[in-house]
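Chain and residue survey
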Amino acid sequence: MSTATTPRTPVRKISPGRYAVYGVLLLLALFAIGPMLLFAFNALKTRSGLADNPLGLPTSPQWHNFVDAWQQANMGVGLRNSAIVVIATALGVCVISSCAAYALSRLRVPGSNAFIYYLLVTTALPIQLFLVPLFYMWTNLGLYDSLFGLVIIYWAIFSPFATLLIRSFMVGLPKEYEEAARLDGAGEWRVFARVVLPMAWPGLLTAALVAGLQAYNEFLLAVTFIQSSDKMPVSTSFFNFKSGYTQDYTLVSAGGLIMVIPVLIAFLLLQRRFIDGYTSSGMTG
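Just so it is clear, the structure is predicted and the values come from calculations on it, not from any experiment. (Residues numbered from 1 in each chain as written. Predicted model: local features only at pLDDT ≥ 70, side-chain atom pairs only at ≥ 80, totals over all residues. Heavy atoms only, no water.)

**Comments concerning the pattern of salt bridges**
Where side chains of opposite charge bring their charged atoms close, a pairing between them can arise. Selection rule: One side-chain nitrogen of Lys or Arg within 4 Å of one carboxyl oxygen of Asp or Glu is enough to make a salt bridge. By definition, any uninterrupted DSSP run of H or I lasting at least four residues is a helix, any uninterrupted run of E lasting at least two residues is a strand, and each is numbered from the N terminus. Only protein chains enter the accessibility calculation, which uses a 1.4 Å probe. A residue is then buried if its area is under 20% of the maximum for its type, exposed if over 50%, and partly exposed in between.
This structure, assessed with the given rule, holds two salt bridges. A salt bridge links glutamate 178 to arginine 106; the nearest nitrogen and oxygen atoms lie 2.7 Å apart. Of this pair, glutamate 178 sits in helix 8 (residues 176-183) while arginine 106 sits in helix 4 (residues 75-106), and the two are 72 residues apart along the sequence. Arginine 106 sits in the buried class, given a relative accessible area of 15%. Between glutamate 188 and arginine 182 there is a salt bridge, with the nearest N and O atoms lying 2.6 Å from each other.

Right, dumping it as structure tokens:
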């Protein structure tokens, strides 16, 4: 009797070049994760433990540092205000930019190319050029020390890039669905709301994420236009706390980690949609 031999699975050999790629990726991962781990280790140490061993693991984790930082830095109020600013900024930027992008990509707007160049220029201009006149204007309008006034500024400075991003996404959408909707008697607004926006949803989500992250991390405008402690976003709340506790770096590390965690969680949950929407828009070059 003859015994059947099972075919042997060929063993893949990894080339030395691939090992080099893996090594570079590992170094980049350590470069990205290392500071966060060190930040967390320092937040769990005592002041003497941090001074004796600033780069090592905490011997006895001090979890109360997070409670003390939360209370003393008023992080709860800061996170609440930041949530209001982020949500309002993301929604407003999506509404403004989607309308402008639809007009530039689908309607015959006179001088649309010049307007696109204007948006490109405005995205390159630093906001510091307009800080002083904007401060006096907001004071006269009663928008100074107001979250709504801060959100309006964010709408203005984040909408140009979002408009270009959503427009580049809309340009690649097929026009057959819009033509079919017009043949059925749909008006321009209905075509925009019922046909184009659902197909452009990844671009809108990407623009919302970019604007929301920028609003959450923005510091200069927040510290300039918000003075009341109960209206400060988390960035200015943490800055004031850090200025008052420059010697207690354990509490400063705990407060900074509390500030970073919401953004880190949001990015980890939405990174795939963010990358897909950003690459499909054609803005990556």
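**Describing the side chain of serine 253**
For clarity, the threshold we go by: Polar contacts, as counted here, are pairs of nitrogen or oxygen atoms within 3.5 Å of one another; within protein the pair requires one atom able to donate a hydrogen and one able to accept it, and residues that are adjacent in sequence qualify only if both atoms are side-chain atoms. Two residues form a contact once any of their heavy atoms are found within 4.5 Å.
With respect to the element layout, serine 253 can be found in helix 13 (residues 249-280). Exposure remark for serine 253: the relative accessible area of 7% places this residue in the buried category. Among the polar contacts made by the side chain of serine 253, one reaches the main-chain carbonyl oxygen of tyrosine 249 at a distance of 2.8 Å. In this view, serine 253 contacts Phe39, Asn42 and Ala43; residues no more than four positions away in its chain are not counted.

**Focus: the packing of helix 4 against helix 10 (residues 201-217)**
When two helices pack together, their arrangement is captured by the angle between the axes and the distance separating the axes. To be explicit about the condition: Interaxial angles span 0 to 180 degrees and are taken between N-to-C directions of axes, which are lines fitted to C-alpha atoms, for helices over the stretch in contact. Note on angle classes: values under 35 degrees are labelled roughly parallel, values over 145 roughly antiparallel, values of 65 to 115 roughly perpendicular, and the remainder oblique. Should the near helix be turned anticlockwise from the far one by less than a right angle, the crossing is termed left-handed; should it be turned clockwise, right-handed. For this scheme, ten residues count as nonpolar: Ala, Val, Leu, Ile, Met, Phe, Trp, Tyr, Cys and Pro. Four count as charged, namely Asp, Glu, Lys and Arg, and the remainder, Gly too, count as polar.
Direction vectors running N to C along helix 4 and helix 10 enclose 140 degrees, while the axes themselves pass 8 Å from each other. By the angle between their axes, helix 4 is oblique relative to helix 10. Both helix 4 and helix 10 take part in a crossing whose hand is right-handed. Between helix 4, through Leu79, Ser82, Val85, Val86, Thr89, Ala90, Val93, Cys94 and Ser98, and helix 10, the contact on the second element is made entirely by Leu204, Ala208, Ala211, Gly212, Ala215 and Tyr216. Broken down by class, the residue content of the contact of helix 4 with helix 10 amounts to eleven nonpolar, four polar and no charged.

**Description of the nonpolar core**
What tends to happen in soluble globular proteins is that the nonpolar side chains get buried as a cluster. Short version of the rule: The definition of a nonpolar core used throughout is a set of buried Ala, Val, Leu, Ile, Met, Phe, Trp, Tyr and Cys residues joined through side-chain atoms within 4.5 Å.
Of all hydrophobic cores here, the largest spans 54 residues; its most connected members are Phe66, Tyr154, Met170, Val191, Leu221 and Phe225. Sort the elements by how many residues they give to this core and helix 7 (residues 147-171) lands first, with eleven residues.

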